[in-house]
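# Descriptive structure summary
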Amino acid sequence: MTKKSGFFLLICMISTLILVSCGKAKDANGQPDDVQISTSLTYDHSMELDYAKEFSVDYYDGGYALITISDESRFLVVPKKRPIPKDLSEDIVILKQPIDHIYLVASAVMDMFCSLDGLDSIRLSGTKEEGWYIEEAKKAMASGAIEYAGKYNMPDYEKIVDVGCDLAVESTMILHSPDVKEKLEKIGIPVLVDRSSYEEHPLGRTEWVKLYGVLLGKEERALQAFAEQKAALESVTKAERTDKTVAFFYITSNETASVRKSGDYVAKMINLAGGKYIFSNLGDDSASSSVNMQLEEFYARAKDADYLIYNSTIDGGVRSMKEFLKKSPLLKEFKAVQEGNVYCTTQNLYQDSMKLGTVILDFHNMLTAEEQNEATFTYLFRLE
C-alpha cells in the first residue's frame, strides 16, 4: 500500500467514525435502531433541532413522543385516550397527557411555559412569589393559581401529593440532593431534570421550549416562539463585527469582581453580538459559570475595555453612574467610564430564557449605538 492510499484509507475510516458517532445507528429498514421501543409503536420521525444537543424527541404514529435527555432519562408522552404500551423498557417513564399539575422548580423554564401560554399547567413553584421577575408568574402566585411548594432540596411532599402533581421539572441543582429526587419518584412523581444550562450554544437553551411544547401538546407554538429568537440572532450575525471589547461583571459584598468564565453563555452571546469578551482565557475547570478576582486584577485586565456591563441580577444592580462609582474608587479609571460606555442589565435577564436572541440583539445595539445614534434596549440601560 502506498503512502497516499494509506492516508486516503485513514481519512475514510475517520469520516465513517464521525458519521456513526454524530448520527443515529440505523437498522435493516434504515430507521434509527434506538427508537424501536415497543411492538405497538411505529416510529415516524425525529424532531429537528438547530442548536440543542442535550435532548432529542422521536415521534410515533398516534401522537406518541419519546423524549430522551443527555442524562439517559427517557419519557414517553402518551396522548389522552391512547393506551400505554405494555412492553416498554423499565427505564422509560410514562407521562400521560394532559400534563397540567406540574411542580416547576427550574426557574429558567417558567418563561418557556409563558411563551407557550401554558402557565395553567403549573400548579406548584419552587420559587416564592417575591423571587420571580416574570410578571405572569408573580400574578399567578398572587392569585393562588400557582402555590409555593418548597425549594429543590426541601419540597413540601404533602402539598405535592395533595394537588395531584403529575410531573416535577427540576434544575440540575437536584443532583446535589439525590434523596429528594428518589423520594419524589418513590411517591409516584416523575422527575424531569432540565439540562438547558448545559447547552453549548446560547440558543440551545432557548430551544428547550420545543421539549416543553411536546409535553403540553403545543409544538407549533413552541416552534414559533423559538423562530422569533432565531431570527433575532440571525439579524445580528449577518451584520459586520465590531470586535469591541466588553467586560460583564458585578462587585461582590467581599469587594471582589465576579466575572463570567470565557466559555459561559453570556460571554458567547457577547461574541455572537459582534463584540469580544475581554476575559478570553478564564478556564472552565469547574461547574461554576463565574470566577471572582481581586479588584486590582480586574482593573489590570479590564481597564481598557470598550464597554462595561454591570450584572444586576445578583446584588440588585445600580441605577446611575454615581451609584456605580461607589462600588470602587478604581472604576472611575476605566476607559469605558471615561467615555460613557457603562451599561447595566435588568434583573429579569436570567429568568427570561425565551429572550436570549433579544439579549444578543441588545448587546449588538450597545456595540453599534454610536453608528445608530440611538438604540432601543430590552435588557440593558446606559448609566448616566
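Rules used in this analysis
- Residues numbered from 1 in each chain as written.
- Predicted model: local features only at pLDDT ≥ 70, side-chain atom pairs only at ≥ 80, totals over all residues.
- Heavy atoms only, no water.
- Pairing = 2+ DSSP bridges.
- Helix = DSSP H or I, 4+ residues; strand = E, 2+ residues; numbered from the N terminus.
- Axes fitted to C-alpha atoms, helices over the stretch in contact; angles between N-to-C directions.
- Buried < 20%, exposed > 50% of the residue type's maximum accessible area, 1.4 Å probe, protein only.
- Contact = heavy atoms within 4.5 Å.
- Salt bridge = Lys/Arg side-chain N within 4 Å of Asp/Glu carboxyl O.
- Expected span 1.5 Å × (residues − 1).
- Core = buried A, V, L, I, M, F, W, Y, C linked by side-chain atoms within 4.5 Å.
- pLDDT = per-residue confidence, 0-100.

Quick look at the sheet that holds strand 1 (residues 43-46) now. Overall, mixed pairing links the 5 strands, which are arranged 1-2-3-4-5 in an open sheet. The open sheet has two edge strands with one neighbour each: strand 1 and strand 5 (92-96). The sheet shows a mean angle of 25 degrees between the axes of neighbouring strands, taken without regard to direction. As paired elements, strand 3 (residues 64-69) and strand 4 (residues 74-78) share 4 bridges and run antiparallel to each other. In the strand pairing of strand 4, T68 is matched with R74.

The topology assignment puts Y59 in strand 2 (residues 55-60). Using a relative accessible area of 13% as the deciding quantity, one classes Y59 as buried. Spatially, the C-alpha atom of Y59 lies 9.0 Å from that of V35, the residues being 24 residues apart in sequence. Other than its neighbours up to four places away in sequence, Y59 contacts T42, Y43, D44, H45, S46, M47, Y64, A65, V214 and E219.

Bringing the pattern of salt bridges into the picture now. As enumerated under the stated definition, the model contains 14 salt bridges in all. A salt bridge links E200 to K53, with the nearest nitrogen and oxygen atoms 3.8 Å apart. Taken together, the residues span a long stretch of sequence, with E200 in the loop between strand 10 (191-193) and helix 6 (202-206) and K53 in the loop between strand 1 and strand 2 at a distance of 147 residues. E200 gets classed as exposed once you look at its relative accessible area, which sits at 54%. Residue K53 is classed as exposed on the basis of its relative accessible area, which comes to 61%. Between K181 and E185 there is a salt bridge, with the nearest N and O atoms lying 2.8 Å from each other. You can see K181 and its partner E185 sitting in helix 5 (residues 178-186), 4 residues apart, about one turn around the helix. Taken together, the shared-partner salt bridges connect D50, E207, K210 and K230 into one network.

Right, let's talk about helix 8 (residues 219-237) for a bit. Given 3.6 residues per turn, any residue in an α-helix points the same way as the ones three and four places further on. Over its 19 residues, helix 8 runs 27 Å from end to end, which matches the ideal 27 Å to within 8%, given 1.5 Å per residue. Residues of helix 8 that are buried in the fold lie against helix 2 (110-115), helix 6, helix 7 (209-216), helix 9 (265-272) and helix 13 (356-367).

Here strand 16 (residues 342-345) shows no split at all, with V342 and C344 on one side and Y343 and T345 on the other all buried. With 3 bridges joining them, strand 15 (residues 307-310) and strand 16 adopt parallel strand pairing. Each bridged residue has a counterpart across the sheet, and for L308 the counterpart in strand 16 is V342. With 3 bridges connecting them, strand 16 and strand 17 (residues 380-382) associate as antiparallel partners. Among the inter-strand pairings, Y343 is bridged to a residue of strand 17, identified as R382.

M110, Y212, L215, L308 and F324 are the most contacted members of the largest nonpolar core, which has 95 residues in total. Formed by 15 residues, the second largest nonpolar core is a distinct cluster that contains Y152, V163, C165 and I174.

Let us now look at the pairing of strand 4. Strand 4 sits mainly inside the fold: 5 of its 5 residues count as buried. In textbook terms, the turn of a hairpin is the stretch between consecutive antiparallel strands, and for strand 3 and strand 4 this stretch comprises 4 residues, one of which, E72, has a positive phi near 75 degrees. In the sheet, strand 4 pairs with strand 5 via 5 bridges, with the strands oriented parallel. By the bridge assignment, L76 is partnered in strand 5 with I94.

We now examine the confidence of the model for the protein chain. For the protein chain, the mean per-residue pLDDT works out to 90, and 88% of the residues sit at or above 70. pLDDT under 50 marks residues 1-24. Its contacts with residues more than four places away, or in other chains, come to 8 contacts.

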